[in-house]
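Fold and contact review
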Amino acid sequence: MKHNLLFAGKNFIRMLLLLAAVSVATFALVSASPIDPLQANVGQAALGSMSEAQKEKLRSYWGVDEPPVKRYLNWAKDALRGDLGTSLLYRQPVTDVIAVKLSNSLFLMGMAWVISGLLGFCLGVLAGVFRGRTVDKLVKGYCLLIASTPAFWLALLLLLIFSVWLKLLPIGLSVPIGMEAAGVTFLDRVRHAILPAFTLSITGVSNIALHTREKMIDIMESDYVLFARARGEKTGSIVRRHALRNVLLPALTLQFASISEIIGGSVLVEQVFSYPGLGQAAVAAGTGSDVPLLMGITLITAAIVFFGNFIANLLYGVVDPRMRKGGRRT
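No experiment lies behind these values; they were computed from the predicted model shown.

The rules behind each value
Residues numbered from 1 in each chain as written. Predicted model: local features only at pLDDT ≥ 70, side-chain atom pairs only at ≥ 80, totals over all residues. Heavy atoms only, no water. Helix = DSSP H or I, 4+ residues; strand = E, 2+ residues; numbered from the N terminus. Buried < 20%, exposed > 50% of the residue type's maximum accessible area, 1.4 Å probe, protein only. Contact = heavy atoms within 4.5 Å. Areas by Shrake-Rupley, 256 points an atom, 1.4 Å probe, with all protein chains shown as cover. Phe/Tyr/Trp six-rings, centres within 6.5 Å; stacked < 30°, edge-to-face > 60°. Lys NZ or Arg CZ within 6 Å of the ring centre and 35° of its normal. Patch = residues over 30% accessible without salt bridge, like charges linked within 9 Å, V, L, I, M, F, W, Y side chains within 5 Å. Salt bridge = Lys/Arg side-chain N within 4 Å of Asp/Glu carboxyl O. pLDDT = per-residue confidence, 0-100. Axes fitted to C-alpha atoms, helices over the stretch in contact; angles between N-to-C directions. Parallel < 35°, antiparallel > 145°, perpendicular 65-115°, else oblique. Left-handed = near helix turned anticlockwise from the far one by under 90°. Nonpolar A, V, L, I, M, F, W, Y, C, P; charged D, E, K, R; others polar. Polar contact = N/O pair within 3.5 Å; in protein donor to acceptor, adjacent residues only side chain to side chain. Expected span 1.5 Å × (residues − 1). Core = buried A, V, L, I, M, F, W, Y, C linked by side-chain atoms within 4.5 Å.

A separate point is the overall build of the protein. The helix and strand inventory of the protein stands at 14 helices and zero strands. Starting at the N terminus and ending at the C terminus, the protein contains elements arranged as α-α-α-α-α-α-α-α-α-α-α-α-α-α. When the 330 residues of the protein are sorted by exposure, 40% land in the buried category. When contacts within the protein are restricted to residue pairs at least 6 apart in sequence, long-range pairs at least 24 apart make up 72% of them. Accessible surface, the protein as shown: approximately 18,200 Å² in total, 66% of it carbon and sulfur.

As structure tokens, this is what we get:
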């Protein structure tokens, strides 16, 4: 128990330090950006018609005239109190903007994460059990093809087929156009999220499927499985009673570690489908030099990724107890 708590505590502290490092790196990159926040948010024509006094007031309001180190320390001090600032694009508190965008993204990414995990696990089990046969070759070919396919290209292809040609699914957005928020049903949200989630699911299958396949092959060639075959057990019984329980936890561990891939892919997919999530807001904040919003989105997404890795590390400790004890053999 003591080793478990120590292992979890070390990983949690490491996660907090990584979040601090990400905030520093993000602020440094944004500060080095050649985009002028005044010009990006006010416009070249409006900025040219302003007096120097007006420009100075804007610089003071947005903190542009302060040294980068002071700006970061002020931001960090407010962030620790839960205040991430005010978005320059939306003219709202960053926490409010992120709350709306994050709910959309979590709905989309949650669907994709579950579907990709289940589909990848099932394909990996089938490929491992029927190693060298047609099913195995098809699964490997699919995984290698999808792993080398850009997410935005696949999103455009699915959009063209299911929305433009077949007209089965909406062409974009997260809710029907022109409908009030009170009239939007859960089924409307699901229908608009099907294509983006399906795109993310397809691209996220490869790693979990190939990893599960290798684990399944090792298990099917193990001594206890050979002994079970010698006793007359059929393949289906061996898979249910011996293989699945041994391959499920490693697959679940890898699935938690793949959250970063889902988040990274969602940025491109949300742009293609005009889905109003964190990814689309991050692109708008970057091009519009909305530093508070970009910092907030980066911090939140990094926290989600690090938390997924944190859970994966804990599960790794369950799979291999030597990890909890720093690699010492017992």
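As enumerated under the stated definition, the model contains six aromatic pairs in all. With a centroid separation of 6.2 Å and an interplanar angle of 70 degrees, the aromatic rings of Phe12 and Phe310 are classed as edge-to-face. You can see Phe12 sitting in helix H1 (residues 2-31) and its partner Phe310 sitting in helix H14 (residues 291-319), a full 298 residues away along the chain. Given a relative accessible area of 41%, Phe12 falls into the partly exposed group. Linked through ring pairs, Phe12, Phe307 and Phe310 together constitute an aromatic cluster. Positioned above the aromatic ring of Phe107 is the side chain of Arg189, whose terminal nitrogen or guanidinium carbon lies 4.6 Å from the ring centre.

Our next topic: a nonpolar patch on the surface. Taken together, the side chains of Leu160, Val164, Trp165, Leu166, Leu168 and Ile171 define a hydrophobic patch exposed on the protein surface, amounting to about 600 Å² of accessible area. With respect to the helices and strands, the residue Trp165 is situated in helix H8 (residues 151-165).

What follows deals with the confidence of the model for the protein. The predicted coordinates of low-pLDDT regions are not to be read in fine detail. Across the protein, the average pLDDT comes to 82, with 85% of residues at 70 or higher. For the protein, per-element mean pLDDT is lowest for helix H3 (residues 44-48), which scores 58, and highest for helix H7 (residues 134-147), which scores 91.

A separate point is the pattern of salt bridges. As enumerated under the stated definition, the model contains six salt bridges in all. Between Glu233 and Arg241 there is a salt bridge whose closest N-O contact spans 3.8 Å.

Backbone geometry follows two general trends: most residues other than glycine have a negative phi, and most peptide bonds adopt the trans configuration. Located in the positive-phi region is Arg91, a residue other than glycine, with phi close to 55 degrees. By the secondary structure assignment, Arg91 is in the loop between helix H5 (68-80) and helix H6 (94-129). Within the chain, Ser274 stands out as a residue other than glycine whose phi angle is a positive 50 degrees. In this fold, Ser274 is placed in the loop between helix H12 (259-273) and helix H13 (278-287).

Right, let's talk about the packing of H6 against helix H11 (residues 235-257) for a bit. Between H6 and H11, whose axes approach to 10 Å, the crossing angle comes to 135 degrees. Judged by the angle between their axes, H6 and H11 are oblique. When the axes of H6 and H11 are compared, the crossing they make is right-handed. Judged by residue contacts, Trp113, Ser116, Gly117, Phe121, Val125 and Val129 of H6 engage Thr235, Val239, Leu244, Val247, Leu248, Ala251, Gln255 and Phe256 from H11.

Axis separation between helix H10 (residues 223-230) and H11 bottoms out at 10 Å; the angle between their running directions is 160 degrees. By the angle class used here, H10 and H11 are roughly antiparallel. Crossing hand, H10 versus H11: right-handed. Facing H10, whose interface residues are Tyr224, Val225, Ala228 and Arg229, H11 presents Thr235, Ile238, His242 and Asn246. Grouping the constituent residues of the contact of H10 with H11 by class yields four nonpolar, three polar and one charged.

Bringing the side chain of Glu233 into the picture now. Assignment of secondary structure puts Glu233 in the loop between H10 and H11. A distance of 2.7 Å separates a polar atom in the side chain of Glu233 from a polar atom in the side chain of Arg231. Side chain to side chain, Glu233 and Ser237 meet in a polar contact 3.1 Å long. Other than its neighbours up to four places away in sequence, Glu233 contacts Ala228, Ile238, Arg241 and His242.

Moving on, we come to H7. The first and last C-alpha atoms of H7 sit 20 Å apart over 14 residues, in line with the 20 Å expected at 1.5 Å per residue. Taken together, the buried residues of H7 touch H6 and helix H9 (186-220).

Residues Trp75, Leu84, Ile98, Leu293 and Ile297 are the most contacted members of the largest nonpolar core, which totals 19 residues. Secondary structure elements with two or more residues in this core: H1, H5, H6, H13 and H14. What Leu293 contacts, discounting residues up to four positions off in sequence, is Ser87, Tyr90, Val94, Val97, Ile98, Ala281 and Ala285. Ranked by size, the runner-up nonpolar core spans 18 residues in total, among them Phe107, Ala112, Ala193 and Ala197.

With respect to the secondary-structure elements, Ser163 resides in helix H8. Polar side-chain contacts of Ser163 include one of 3.0 Å to the backbone oxygen of Pro170. Contacts of Ser163, omitting those with residues within four sequence positions, involve Leu158, Leu169, Pro170, Ile171 and Leu195.

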